[in-house]
Every structure is written in structure tokens, then in C-alpha cells.
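# Understanding the architecture of this molecule
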Amino acid sequence: MNILILGIDGYIGWALAQKQLYLGNKVFGIDNFSRRETVKEMGSDSAIPIETMNKRISKIKEVYGNRIEFFEGDLTYSTFANDIVKKSCPDAIVHLAEQPSAPYSMIDQKHCIYTHQNNVIGNLNIIYAMKNFSPNSHLIKLGTMGEYGYDPGFVIPEGFFEIEYLGRKATVPYPKMAGSWYHWTKVHDSNNIMFACKTWGLKSTDIMQGIVYGTRLKDIPSYIYQPTRFDFDEAFGTVLNRFCSEAVIGHDLTVHGAGGQTRGFLALEDSIQCISLLIEKPPENENYRVVNQFDEQYSVKDLANKVKSIGDKKGLDVTIANTENPRKEKESHYYKADHKKLRDLGFKATRTIEEEIEYVLEDLHPHKDRILKNKQAIIKKIKWNSQVSSLISLNPSTP
Ligand SMILES: NC(=O)c1ccc[n+]([C@@H]2O[C@H](COP(=O)([O-])OP(=O)(O)OC[C@H]3O[C@@H](n4cnc5c(N)ncnc54)[C@H](O)[C@@H]3O)[C@@H](O)[C@H]2O)c1
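One structure accompanies this document, and this report is about it. Not measured: the values here are computed from a predicted model. (Residues numbered from 1 in each chain as written. Predicted model: local features only at pLDDT ≥ 70, side-chain atom pairs only at ≥ 80, totals over all residues. Heavy atoms only, no water.)

### What about the nonpolar core?
To be explicit about the condition: Buried Ala, Val, Leu, Ile, Met, Phe, Trp, Tyr and Cys residues form a nonpolar core when they are joined through side-chain atoms within 4.5 Å. Whether a residue is buried, partly exposed or exposed follows from its accessible area with a 1.4 Å probe, protein chains only, as a fraction of its type maximum: under 20%, in between, or over 50%, in that order. Under the DSSP-based scheme used, a helix requires at least four consecutive residues in state H or I and a strand at least two consecutive residues in state E, with every element numbered from the N terminus.
Membership of the largest hydrophobic core comes to 39 residues, with the highest contact counts inside it found for Ile5, Ile8, Ile12, Val94 and Ile275. Breaking this core down by element, the ones donating at least two residues are strand E1 (2-6), helix H1 (11-22), helix H3 (53-64), strand E4 (92-95), strand E5 (138-144) and helix H9 (268-280).

Dropping the structure here:
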């Protein structure tokens, strides 16, 4: 199969590309390297060193030959989106190429608007490119569980649910209640994709993904696998990855408030496993399919305790600190989401979260100095209810 990966240089994209090559597919990748720039803007860098794209690709070619092609470019340019879809004749398009950080989108008006332009327009360009040049491709779009909101008071369905109102029943999309500008861009994307599928008969799987953690892919031998990036700063470090980075350098694990916020989580390995399954098994009886992609739910406090107990066994002497919560969210709430569809397709978690935490701590240990060098980037400066651009040195190259 021809797989077009939008956002191939990112945390998930680079791991997915290697998995798809390993499975025997041909991979076309695009990226504008904005993630490298925005992490720099936060005063940080990937804890695990990563190569330039030129070096990445030439090493990959030594193993997989010409089964990979890379094109640098920005999806917000429609001509670029059209060209890449025409060139790659994709069976599946995996769309990861968005600004993925909620805190980053909340910095100020400029960052909110950048996130909207980048995500919503890029997504529309890819939908149009599909309609015009590759209407039979399967679009696999990475959305987030955060689109639903976190405290509806009842079980969150997989996209749609049945309601009864004034005596009539209907199946409707779950009302989205996102909690940041970033999450709202994902809701807008989902609505646009749903509309395009209905109107033009395009085929898409919209993934509501939980929070991803981890460093490794199981199948690919370590002498072939090129590590993906791993961030720990306040905007781009997802919570468990950040806790592990903090543990490795002897920094308190920074739990927001009391840490009762519960979310769905999955390992990088399993995110890749699920996306690969969805590539193999496109929707059959529907044009627009929504899946909730996570393994288990944990509270932030549970995760901190797990990192502490595993870190302490490794002699790290981990401490936990409850810090002011910069977000507007409930710290204690009912949270339960359906996540049956991927299991029905064959998804089974590769490892336990405890095993994964052990591996992350091991993989970060040799790069402790890189985390220490940028440890100021961990501290929370972005708050949901204030404009803090003065606290952050903006990179003028960011649009
Ligand atoms: N990592 C998680 O925990 C998580 C959870 C839920 C959803 N997601 C979603 O999954 C996707 C991938 O996440 P990730 O963690 O790998 O993020 P990432 O930032 O590491 O990867 C995205 C890649 O897309 C590129 N990109 C962004 N805008 C682009 C544009 N306009 N044109 C071309 N390239 C562009 C970036 O440079 C980056 O390399 C994102 O859409 C994110 O919102 C991630």
C-alpha cells in the first residue's frame, strides 16, 4: 500500500513511518518542521537527540531502499497539499500535521490564531486535495479525546449516540465541549471531515486519541529503529513523558492541583498499532467512522504515584509536588469513555504501563544532561485565564 504520512517528522509520525516501512508499505512523508521550531520557542529541545530529516531519510534508505520519499512543505498551502496527494496516489493518508499543544494555543491571541489557521486550513486543504485527486483514499485523521470535554457526567460514546427528545429518538454526534483553543480546532476539523464524507462520499476514520507516552516500538530491531523525538517542556511534554523526565533529573513531579483529573492514555507503541490496524481495516459500512483510541484511564495523581514507585525502585528518589493548576478544569469528576471499536478490530496493549515507564526512564537516563539544560522549560507559565506572551520569548519566524 502507499501510505502518505502528513507530519512525518513528529513524535508519532516518525515512529509510524518506520512501522509502515517494516510492514512492507511504501511511505510518502511531508513536514514543515514547525514542531522543531515551536519547541525551541518554548526554550527547549527533544530530550532524545534526533537527526535532521536528510540524515533520517538517508539512514532509512540504507534499510528500506526507495520505499520512502520525503517532501518538505506546509499543508496550509493548497498547491502543496494537491501536489503531494497527486504524487503519492495514497491508499491511506494519515493526517498528523497539526499544532498539537493545548497550552501553546492558550498563550495569547497570536498563538490561538496560528493554531486555528494551521490546523483548520491544513485539514481543509487535504480534504479538498482528496476530493479532487484521490477520492478513494482513506483519510485517517488524528483528533483527540479532548474534543469531547472531560466532565459530561455520563459515558462518552465513540462519536455518535442515541438520544430521545420530546418523544422522538435519533442518533446524533456527541456534543463536543472542548477545553482549549487547540481542542476546538480539532472539533472544527472533525465537523469539516464529517461534512465532506457526507457530501462528497469521502472515506475517513476520525481518531479521538488519548494522551500518548513512551519511547519504544517493540517489533523493530534496535539496530534499525531511529528514535523519535521526546519533549518535556510545559507546552509539548505530555503529562507522563514530562513526569518521567522530571524523575530522571530529580525535579519534583509537577501535579496540577490535587491531580484528580482523569484521562485516557496509551503508549506510543499502541498508538502506532491502532493506526496501523485502521490502515489495514478501512470503514466498510460507513463513510465517516469515529474511534476512541486509548488503552486505560488514569488520574494524573495515579500516574505520578506510578512514576514515583518505579523510579524509587531504580534509586531515583522521586518527589511529587502539587502545583497551581493553570487550566480551567475540574480536578474531581466522573470520567468514563467507550473504547470498544479498536479492540473489536484486534487492538491489544503491547505492554503494561509500568513496563513502559521503566523503559522510558531507562531511555532518558543517558540524556539526563539534555533535560537538565532546559529544565526551566518545565515550569508552568501559560495560564488559561491570562495572556502571558511577555513571559515567553516568541520566535519571530512563527507565523
Ligand atoms: N501526542 C499525543 O499525546 C497526542 C494525543 C492526541 C492527539 N494527538 C494528535 O496527533 C497528531 C500527532 O501528534 P504528535 O505528538 O506526533 O505531534 P508532533 O507535533 O510531534 O507532530 C506533528 C508534525 O506535523 C508537522 N506539522 C504541523 N503543522 C504542519 C503543517 N501545516 N504542514 C506540514 N507539517 C506540519 C510538525 O512539524 C510535526 O512534525 C497531532 O495532530 C496531535 O494533535 C497527539
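### Notes on unusual backbone geometry
Positive phi, normally seen in glycine, also occurs at Phe33, with a value near 65 degrees. Examined against the element boundaries, Phe33 turns out to sit in the loop between strand E2 (26-31) and helix H2 (34-41). Residue classification places Phe33 among the buried residues on the basis of a relative accessible area of 18%. Residue Leu166 is not a glycine yet carries a positive backbone phi of 50 degrees.

### Some words on the side chain of Lys19
Rules: Contact criterion: two residues are considered in contact whenever any of their non-hydrogen atoms come within 4.5 Å of each other.
Residue placement: Lys19 occurs in helix H1. When its relative accessible area of 10% is taken as the criterion, Lys19 is described as buried. Sequence-distant contacts of Lys19, that is, excluding residues within four places in its chain, are made with Leu217, Asp219, Ile220, Glu269, Ile272 and Ser276.

### Quick look at the pairing of strand E11 (residues 262-267)
Convention followed: Strand pairing is defined by DSSP finding a minimum of two bridges between the two strands.
Where burial is concerned, most of E11 is hidden: 6 out of the 6 residues are buried. The side-chain alternation of E11 yields two buried faces, one formed by Thr262, Gly264 and Leu266 and the other by Arg263, Phe265 and Ala267. Note that strand E9 (residues 211-213) and E11 share 3 bridges and pair parallel. If you follow Ile211 over to E11, its bridge partner there is Phe265. Pairing geometry for E11 and strand E13 (residues 296-299), over 4 bridges, is antiparallel. Bridge assignment links Phe265 to a residue of E13, and that residue is Glu296.

### Details of the site of the ligand
Filter applied, for reference: Think of it this way: one heavy atom of a residue within 4 Å of a molecule or strand is enough to make that residue near it. In protein, a polar contact requires one atom able to donate a hydrogen and another able to accept it; more generally it is a pair of N or O atoms within 3.5 Å, and residues adjacent in sequence count only if both atoms are side-chain atoms. Every accessible area reported is derived by Shrake-Rupley at a probe size of 1.4 Å, with residue values counting cover from the shown protein chains alone. Each residue is assigned to one of three groups, with Ala, Val, Leu, Ile, Met, Phe, Trp, Tyr, Cys and Pro labelled nonpolar, Asp, Glu, Lys and Arg labelled charged, and all others, Gly among them, labelled polar.
The environment of the ligand is made up of 28 residues, and the closest members are Tyr11, Asp31, Asn118, Tyr182 and Lys186. Within the backbone of Tyr11, an N or O atom sits 2.8 Å from an oxygen atom of the ligand. Taking 830 Å² as the accessible area of the ligand by itself, protein coverage stands at 97%. For the shell around the ligand, the elements supplying multiple residues, two or more each, are H1, E2, H2, E5, helix H7 (181-200) and E9. Classifying every residue of the shell around the ligand gives 12 nonpolar, 10 polar and 6 charged.

### What about the packing of aromatic side chains?
The cut-off we apply is this: Aromatic rings from Phe, Tyr and Trp, with only the six-membered ring used for Trp, were paired whenever their centres fell within 6.5 Å, and each pair was classed as stacked if the ring planes differed by under 30 degrees, edge-to-face if by over 60, and tilted otherwise. Lysine NZ or arginine CZ positioned within 6 Å of the ring centre and within 35 degrees of the ring normal marks a charge as sitting over the ring.
By the definition in use, this model includes 11 aromatic pairs. Ring plane angle 5 degrees and centroid distance 6.0 Å describe the contact between Phe154 and Phe161, whose orientation is recorded as stacked. The ring of Tyr148 has Lys176 sitting right over it, with the charged end atom 5.7 Å from the ring centre. Over the ring of Tyr150 we find Arg263, and its NZ or CZ is 3.5 Å from the ring centre.

### Considering the environment of Gln209
Position of Gln209 among the secondary structure elements: in strand E8 (residues 203-209). For Gln209, a relative accessible area of 8% gives the class buried. Taking C-alpha positions, Gln209 is 28 Å from Asn374, a pair spaced 165 residues apart along the chain. With residues up to four places along the chain from it excluded, the contact list for Gln209 reads Ile12, Leu142, Gly143, Thr144, Met145, Leu266, Ser271 and Gln293.

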